[in-house]
Each structure stands twice: as structure tokens, then as C-alpha cells.
Amino acid sequence: MKTLILTHKADIDGLSPIIFLKILRKDVDYILLNANEINNKIAEVINSQLYKKYDEIYVTDLTLDKKSCELIMSTNEHHKFHTFDHHISNLISNEYPFGQAISTNSDGVKECATSLFYKYLKNLYPETFDKEIFESYSELVRLNDTWDWAIDNNLFAKKLNDLHAIYGRDKYIENYVDFLQKENKFHYTDKEEFLLEIENDRIKRYLEESEKTMFHATLCGKKCGIVFAEQNRSLLGNYLAEKYSYLIDFVVIINMQQGISFRCSKDNVDVSEIATIYGGGGHAKASGSPMDNSLKREVIKLIFKDYAMFDI
């Protein structure tokens with residue numbers, strides 16, 4: 001069986017479904033995408049008829065719009081497609097036979113793409129996935145992605161996300177494809193614990209240094225803090241939102257390569273509404289919007305004070 005997965009490139013919630021599929025199947029292709037790239041990629045996969053080369057196609061941790069859903073239906077092979085997501089703005093996919101989008105389940109627990117996908121796989125292939133180590137790993141990913149680890153300061157869970165930063169995407173996937181098949185119980189090795197200690201010190205310095213660069217501004221009628229950052233955006237955003245909650249309503253993290261992140265810690269602020277204004281979406285306390293090339297060109301023009309530099 002030949003499998004294709006389109007998934008979010010930014011974090012372990014996007015990478016973990018790849019790990020599960022690589023354990024299950026020998027022939028797995030994957031495409032890593034930013035959140036704003038998925039709808040164009042779906043159009044490309046279908047219009048080029050690439051989808052016909054695969055027996056199953058998964059979309060995880062990415063939000064499909066109605067146009068993409070209708071395009072999938074138009075293939076008459078929608079049975080090949082399966083989508084798993086937890087963003088509140090993606091619930092529209094539930095209207096289609098291939099969609100499963102749940103932000104918070106019936107027990108009041110926040111879901112993530114990995115937790116939804118794991119339950120799906122465990123139901124279909126219990127002999128492979130109905131094991132303690134997969135259950136533990138899936139829950140650790142969920143705790144990280146929903147930020148529930150911070151409720152009880154579950155540092156054991158947080159370490160998994162820190163390892164992703166240390167290993168990088170490819171090594172992280174390779175490591176856990178091997179680990180989850182060989183081990184019976186989830187743990188961190190002595191070498192990983194050593195690397196994590198070093199990483200924790202680096203993160204602490206990074207947060208403190210980034211904090212000094214925060215601008216205070218007003219956006220959409222609310223007070224916000226704005227920082228430029230490329231690393232540990234969720235940690236930085238939540239750190240600043242909590243520390244400066246008496247001064248600001250939310251935090252904006254600008255990454256010129258990957259886009260804009262919005263974070264808040266207040267129950268009366270929904271940053272997904274703000275992200276939607278700028279072409280994005282997400283959750284009430286954690287959302288994002290794209291940084292497209294046209295916007296990057298405008299920034300370059302401002303830096304060099306040359307507004308005709310791209311008029312070639």
C-alpha cells in the first residue's frame with residue numbers, strides 16, 4: 001500500500017503522524033508544509049492527478065478550506081483522503097466523509113492531530129498501536145501541543161518538544177520511528193537528559209534576551225507586546241503573555257521565515273479572531289497567520305528606503 005501524508009512542518013504534532021505511518025507502512029511519502037500552504041498543495045495534488053498514485057492520503061494538523069474539501073470530493077476518490085485536525089477554524093471538514101476535526105472532546109480534553117490520528121490507527125491496527133509506549137507518546141505530544149503541560153508544570157512532557165528543537169525534524173522522525181518499535185515504556189536516555197539540560201539553559205537565556213527586545217503597541221483595540229523571534233515561539237509567547245499580563249492582552253511573535261504567531265493567557269481574549277483578520281487562524285490562546293512574499297518585499301523596501309527596487 002502506497003501512502004502520502006501532508007502535514008504541518010512546525011512542530012511534533014505535525015511530525016508524529018509521519019512516525020506512526022512509517023512504523024505501519026514501508027512505502028510512505030510525506031510533504032511538510034506551513035499552515036498557509038495546504039490549500040494550494042491540495043489543488044496541486046489533485047490537478048496534477050498525483051493523488052491517483054496513492055492508495056491513501058492523510059492530511060494532519062493543517063486546516064482545509066471549503067474549496068479544498070469540495071475539490072477532494074470532486075475526484076470521486078475521496079475515500080482515499082483522511083484529515084485529522086484540532087484547530088477550531090477547521091471544523092468545517094467534519095461536514096465531509098474524509099474529515100475528523102475535534103478541538104475538545106466529549107470529556108472536555110483538548111485534542112491534537114496526533115491524539116486523533118493515534119486513536120484512529122489504534123482502532124484499525126490494535127496489534128501495532130494498542131501498546132503503552134504509543135499511548136504515552138501520543139499523550140506527551142498532546143500535552144505539548146495544547147500547552148496542557150504548563151497547567152501542572154509537567155516538565156517530563158515538555159522535554160519531548162525540547163528534543164525536537166535539538167534533533168531537528170529529520171533526526172526526530174528517524175529517532176522515534178526506531179525508539180517506539182524497540183522500547184516498551186517511554187523514557188529519555190541519559191544522553192538525551194544531558195542534552196536537555198544544556199538546551200534548558202539555552203532557552204532560559206533566549207527568553208531573557210528576547211524579552212528585552214519587546215515593543216509595546218496597540219492592535220485591534222488591544223494592548224500587545226511584539227517581538228521578532230525564530231526559535232521557541234510558543235515558549236516565548238506564553239512566557240511574555242504571563243509575565244506581562246498586567247500590561248498587555250496578547251503577544252505577537254514575528255518570524256520572517258515562517259509567519260506570525262499570537263499568544264495570550266487571558267480568558268477574555270481570543271487571538272484566533274485576530275489571526276483570522278490577517279489570513280490565519282488557530283485557537284483562542286494560540287494562533288498564527290502567514291508571512292507571504294509580498295509582505296516580505298514591503299519590509300525590505302522599508303529597510304532600504306527604496307520603494308522601486310523590485311520594479312524590474
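Read on for a plain summary of the structure.

Criteria and cut-off values
- Residues numbered from 1 in each chain as written.
- Predicted model: local features only at pLDDT ≥ 70, side-chain atom pairs only at ≥ 80, totals over all residues.
- Heavy atoms only, no water.
- Helix = DSSP H or I, 4+ residues; strand = E, 2+ residues; numbered from the N terminus.
- Rg over C-alpha atoms; globule rule 2.2 N^0.38 Å.
- Buried < 20%, exposed > 50% of the residue type's maximum accessible area, 1.4 Å probe, protein only.
- Arc of directions from axis to C-beta.
- Contact = heavy atoms within 4.5 Å.
- Axes fitted to C-alpha atoms, helices over the stretch in contact; angles between N-to-C directions.
- Parallel < 35°, antiparallel > 145°, perpendicular 65-115°, else oblique.
- Left-handed = near helix turned anticlockwise from the far one by under 90°.
- Nonpolar A, V, L, I, M, F, W, Y, C, P; charged D, E, K, R; others polar.
- Phe/Tyr/Trp six-rings, centres within 6.5 Å; stacked < 30°, edge-to-face > 60°.
- Lys NZ or Arg CZ within 6 Å of the ring centre and 35° of its normal.
- Right-handed = clockwise from strand over helix to strand, strands pointing away.
- Pairing = 2+ DSSP bridges.
- Core = buried A, V, L, I, M, F, W, Y, C linked by side-chain atoms within 4.5 Å.

## Quick word on the overall build of the protein
Move 1: A tally of regular secondary structure across the protein gives twelve helices and eleven strands.
Move 2: Taking 2.2 N^0.38 as the reference for a compact globule, 312 residues should give roughly 20 Å; the C-alpha atoms of the protein span a radius of gyration of 20 Å, in line with that estimate.
Move 3: Overall, the C-alpha framework of the protein stretches about 55 × 50 × 40 Å when taken along its three principal axes.
Move 4: Burial analysis of the protein (312 residues in total) assigns 47% to the buried set.

## Section: helix H2 (residues 38-47)
Move 1: Restricting attention to buried positions, one finds in H2 the residues Ile38, Lys41, Ile42, Val45 and Ile46. End-on view of H2: buried residues confined to an arc of 130°, all on one side of the axis. Along H2, exposed side chains directed more than 90 degrees from the buried face belong to Asn40 and Asn47.
Move 2: The secondary structure elements touched by the buried residues of H2 are strand E1 (3-8), strand E2 (28-33), strand E3 (56-60), helix H3 (66-74) and strand E4 (81-85).
Move 3: Phi for Gln49, located one or two positions after H2, is positive at around 65°.

## Side note on the packing of helix H1 (residues 12-24) against helix H4 (residues 113-124)
The description of two packed helices rests on the angle between their axes and on the distance between the axes.
Move 1: Following both chains from N to C, one finds H1 and H4 inclined at 20°, their axes separated by 8 Å at the closest point. The orientation of H1 with respect to H4, classified from their angle, is roughly parallel. The handedness of the crossing between H1 and H4 comes out as right-handed. Contact with H1, carried on its side by Ile12, Asp13, Ser16, Pro17, Phe20, Leu21 and Leu24, involves Ala113, Thr114, Phe117, Tyr118 and Leu121 of H4 and no other residues of that element.
Move 2: Broken down by class, the residue content of the contact of H1 with H4 amounts to nine nonpolar, two polar and one charged.

## Some details on the packing of aromatic side chains
Move 1: Under the criterion given, the structure shown has 24 aromatic pairs.
Move 2: On the basis of an interplanar angle of 70° and a centroid distance of 5.1 Å, the ring pair of Phe129 and Phe134 is categorised as edge-to-face.
Move 3: With a relative accessible area of 0%, Phe129 lands in the buried category.
Move 4: By relative accessible area, Phe134 is classed as buried at 2%.
Move 5: Linked through ring pairs, Phe20, Tyr118, Phe129, Phe134, Tyr137, Phe156, Tyr172, Tyr176, Phe179, Phe186 and Tyr188 together constitute an aromatic cluster.
Move 6: When the ring centre of Tyr206 is taken as reference, the NZ or CZ atom of Arg202 above it lies at 5.9 Å.

## Section: the pairing of E4
Move 1: With four of five residues buried, E4 is to be regarded as a mostly interior element.
Move 2: Crossover connection from E3 via H3 to parallel E4: handedness right-handed.
Move 3: As paired strands, E4 and strand E5 (residues 99-101) are joined by three bridges and run parallel to one another. Across the sheet, Phe84 pairs through a bridge with Gln100, a residue of E5.

## Here's the deal with the nonpolar core
One recurring pattern in soluble globular proteins is that nonpolar side chains are buried together.
Move 1: In this structure, Ile19, Phe20, Tyr137, Leu160, Tyr176, Leu180 and Phe186 are the most contacted members of the largest nonpolar core, which totals 53 residues.
Move 2: Looking at this core, the elements with two or more residues in it are H1, H4, helix H6 (132-145), helix H7 (155-167), helix H8 (169-182), helix H9 (190-211), helix H10 (233-243) and strand E8 (250-255).
Move 3: Considering each element in turn, this core owes the most residues, eight residues, to H1.
Move 4: Residues within four places of Phe20 in sequence aside, it is in contact with Thr114, Phe117, Tyr118, Leu121, Phe129, Phe134, Tyr137 and Leu180.
Move 5: Core analysis: the second largest hydrophobic core is formed by 18 residues, Leu33, Ile42, Leu64 and Tyr96 among them.

## Points about the sheet that holds strand E6 (residues 215-219)
Move 1: Read across the open sheet, the six strands follow the order E6-E7-E8-E9-E11-E10; overall the sheet is mixed. Each edge of the sheet is formed by a strand with only one pairing partner; in this case those strands are E6 and strand E10 (281-282).

## A look at the pairing of strand E9 (residues 259-263)
Move 1: Here E9 lies mainly inside the structure; five of its five residues are buried.
Move 2: Sheet analysis places E8 next to E9, joined by five bridges and oriented antiparallel. Within E9, the position partnered with Ile253 by the bridge is Ser261.
Move 3: Hairpin remark: E8 followed by E9, antiparallel, with three residues in the connecting loop.

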